[in-house]
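Residue strings, one per chain:
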Amino acid sequence: MSDQTTTGQRTASSRDSEPHLSRSLSNRHIQLLAIGGAIGTGLFMGSGKTISVAGPSVIFVYMIIGFMLFFVMRAMGQLLLSNLNYKSFSDFAGDLLGPWAGFFTGWTYWFCWVVTGVADVIAIAGYANELWPGIQLWVPGIATIVILLLLNLPTVKAFGETEFWFALIKIIAIVALIVVGLVMIFTGFTSNAGTASFTNLWSHGGFFPKEFMGFVAGFQIAVFAFVGIELVGTAAAETKNPEHNLPRAINAIPLRVMLFYVGALIILMSVTPWTEFQAGHSPFIGMFSLAGLGMAAMVVNLVVLTSAMSSANSGIYSTSRMVFGLAQDGDAPRLFGRLSSRKVPQNALFLSCVLLLAGVALLYAGKDVGVAFDMVTTVSAVCFMFVWSIILASYLAFRKRRPELASASAFKMPGGIPMVWVVFAFFAFLLWALTTQPDTLTALLVTPVWFAVLGVAYALVRRTPLHQARVAEWKAMADAETSAAAANQPA
């Protein structure tokens, strides 16, 4: 154990001279950040499409995805807490799998959130146009970017506070939907679609009305709603008392998925039969309108707007921290590795905001932008699956290379190595599901282009002095671990 500790101390001492992020995110910040990451705009807007293609079986779809991703989160938590010098999962990927993994993971995660952020800017402009008809689309687009920049520049605590309230608004909206829906069910509310009742869940073709392939199509869409669930991993370096706060946030994920996703979907399909749902229409707005709560429906529009703002806010935060970490490892320009006097990576923040301006430009790109963006966001979701897989691969390497440290962990991944392979098999199933529809298949086939670009970039970056210094440091650590393991072998 002492050898492992020495290795950790060597890592710490080698980085003492570097700028450090401030641990300012409290327990309530990290708890609501985890909820905000787990509840995306996909629930408010995308669930209409998911229900229409899968029927009531969508309940099981969300339960299974949430169950599988819980193990990804537990693996991530164990690795982050094994060495508090890790700033995010790209750090432990580089340490455990090699410098290439840190580079590919960091930049892929950055790409995922930039694409998601651009999509959010477009969505915000669309929602704003519904609330204030006739508004110039560039106005809410530019305003969103400026607001997000101003919220993130002061301190990381300001980001945490903003995200706390954003997530709280989403929670209140979902709880309100569940309460109103239960009242409608127990009072026998009747509409053109029929009487509100739990029997609607199985009286319109059963739980699997579209059979197995409909069930599969549900996975293909629902997985996008979970992107961002790993967001607490990028906040590890800025979390107060991470040994206490990270485990609490991660362990609460299954309960949140059950309540917010599964609970809301059960209510929605009980009040209105699943056959009435359509893609592109928010089931939340529809149910409040059905209840005669027109004002509430407008409020839900604002909630959806807030949800998109929350997602963009998370994107700004996570991309800036990831680029900051990459710059410190020599994998991004040194300019982005600097911190402001308030311990915020402001140069990396500016980069993220400049790239979000692409969303404003796309607002005027024509009618095909929606189709193009569906494909690009599918590519982004596939890349998120790559990041989740790297987290699990890093866990396998951790168990093999540092068994004593793994056994001493206070926060272990349940199921251990066998469960990792179960989740890998599930990811393989998700990839197969993406091949069953023409649009997602096209996006899946385009995804390797991103990794080809990264491969070329890495071939150039690996020759830089700072990157080579990091490689030498990681190699020295690996050699030390090998020597320690050999010394501990019985004669």
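Not measured: the values here are computed from a predicted model. (Residues numbered from 1 in each chain as written. Predicted model: local features only at pLDDT ≥ 70, side-chain atom pairs only at ≥ 80, totals over all residues. Heavy atoms only, no water.)

(A) Highlighting the overall build of the protein. On a plain count of helices and strands, the protein comes out with 19 helices and two strands. When contacts within the protein are restricted to residue pairs at least 6 apart in sequence, those whose partners lie at least 24 apart make up 84%. (Helix = DSSP H or I, 4+ residues; strand = E, 2+ residues; numbered from the N terminus. Contact = heavy atoms within 4.5 Å.)

(B) Just a nonpolar patch on the surface, in detail. A contiguous nonpolar patch, built from W138, V139, I142, V146, L150, V354 and L357 and spanning about 600 Å² of accessible area, is present on the exposed surface. Residue assignment for the nonpolar patch shows that the elements contributing at least two residues are α7 (138–152) and α14 (346–362). Here the element with the most residues in the nonpolar patch is α7; it accounts for five residues. Within the element layout of this structure, L357 appears in helix α14. (Patch = residues over 30% accessible without salt bridge, like charges linked within 9 Å, V, L, I, M, F, W, Y side chains within 5 Å. Areas by Shrake-Rupley, 256 points an atom, 1.4 Å probe, with all protein chains shown as cover. Salt bridge = Lys/Arg side-chain N within 4 Å of Asp/Glu carboxyl O.)

(C) Representation of the nonpolar core in the model. Among the nonpolar cores identified, the biggest contains 124 residues, and I65, F92, W107, F226, M269, W388 and F427 are the most heavily contacted of them. The element best represented in this core is helix α6 (residues 99–131), accounting for 15 residues. (Core = buried A, V, L, I, M, F, W, Y, C linked by side-chain atoms within 4.5 Å. Buried < 20%, exposed > 50% of the residue type's maximum accessible area, 1.4 Å probe, protein only.)

(D) Representation of helix α9 (residues 211–222) in the model. When the terminal C-alpha atoms of α9 are compared, their 17 Å separation across 12 residues agrees well with the 16 Å that a helix rising 1.5 Å per residue should span. With nine of 12 residues buried, α9 lies mostly within the body of the structure. For α9, the full list of buried residues reads G214, F215, V216, A217, G218, F219, Q220, I221 and A222. (Expected span 1.5 Å × (residues − 1).)

(E) Expanded view of the packing of α6 against α7. α7 packs onto α6 with a crossing angle of 125° between their chain directions and a minimal axis gap of 8 Å. Between α6 and α7, the interaxial angle falls into the category oblique. For the element pair α6 and α7, the recorded crossing hand is right-handed. From α6, V121, I124, A125 and A128 reach across to α7, where they touch P140, G141, T144 and I145. Here the contact of α6 with α7 is composed, by residue class, of six nonpolar, two polar and no charged. (Axes fitted to C-alpha atoms, helices over the stretch in contact; angles between N-to-C directions. Parallel < 35°, antiparallel > 145°, perpendicular 65-115°, else oblique. Left-handed = near helix turned anticlockwise from the far one by under 90°. Nonpolar A, V, L, I, M, F, W, Y, C, P; charged D, E, K, R; others polar.)

(F) Molecular detail of the side chain of T105. With respect to the element layout, T105 can be found in helix α6. Since its relative accessible area comes to 0%, T105 is described here as buried. Not counting the four nearest positions on each side in its chain, T105 is found in contact with F89, S90, A93, F386, V387 and I390.

(G) Seen up close, the packing of aromatic side chains. If you walk through the whole model with that rule in mind, you get 30 aromatic pairs. Consider the rings of F103 and F104, whose centres lie 6.0 Å apart with planes at 65°: the pair is edge-to-face. Using a relative accessible area of 2% as the deciding quantity, one classes F103 as buried. For the ring pair Y109 and F384, a centre distance of 5.8 Å and an interplane angle of 85° mean the geometry is edge-to-face. With Y109 in helix α6 and F384 in helix α15 (residues 369–401), this pair connects stretches of sequence that are 275 residues apart. Side by side, Y109 and F384 carry an identical accessibility label, which is buried. If you follow R74 out to its NZ or CZ, it ends over the ring of F411, 4.1 Å from the centre. (Phe/Tyr/Trp six-rings, centres within 6.5 Å; stacked < 30°, edge-to-face > 60°. Lys NZ or Arg CZ within 6 Å of the ring centre and 35° of its normal.)

(H) Molecular detail of the environment of M298. Summarising the element assignment, M298 is placed in helix α13 (residues 294–328). For M298, a relative accessible area of 39% puts it in the partly exposed group. With 167 residues separating them along the chain, M298 and L131 place their C-alpha atoms 8.0 Å apart.

(I) Spotlight on the pattern of salt bridges. Applying the stated criterion across every chain yields a total of one salt bridge. In this structure, the salt-bridge partner of R402 is D95, at a minimum N-O distance of 3.1 Å. Here R402, found in the loop between α15 and α16 (403–407), pairs with D95, found in helix α5 (residues 89–97); they are 307 residues apart in sequence, far enough to count as distant. Pair check on accessibility: R402 and D95 agree, each one buried.

(J) The state of the cysteines, seen in detail. With the rule as written, the count across this model stands at zero disulfides. For the unlinked cysteine C112, the closest cysteine sulfur is that of C383, found at 4.8 Å. Since its relative accessible area comes to 0%, C112 is described here as buried. (Disulfide = S-S within 2.5 Å.)

(K) Structural view of the environment of L43. In this fold, L43 is placed in helix α3 (residues 41–54). Sequence separation between L43 and L265 is 222 residues; the distance between their C-alpha atoms is 9.0 Å. Setting aside residues up to four positions removed in sequence, L43 forms contacts with I174, F260, Y261 and F284.

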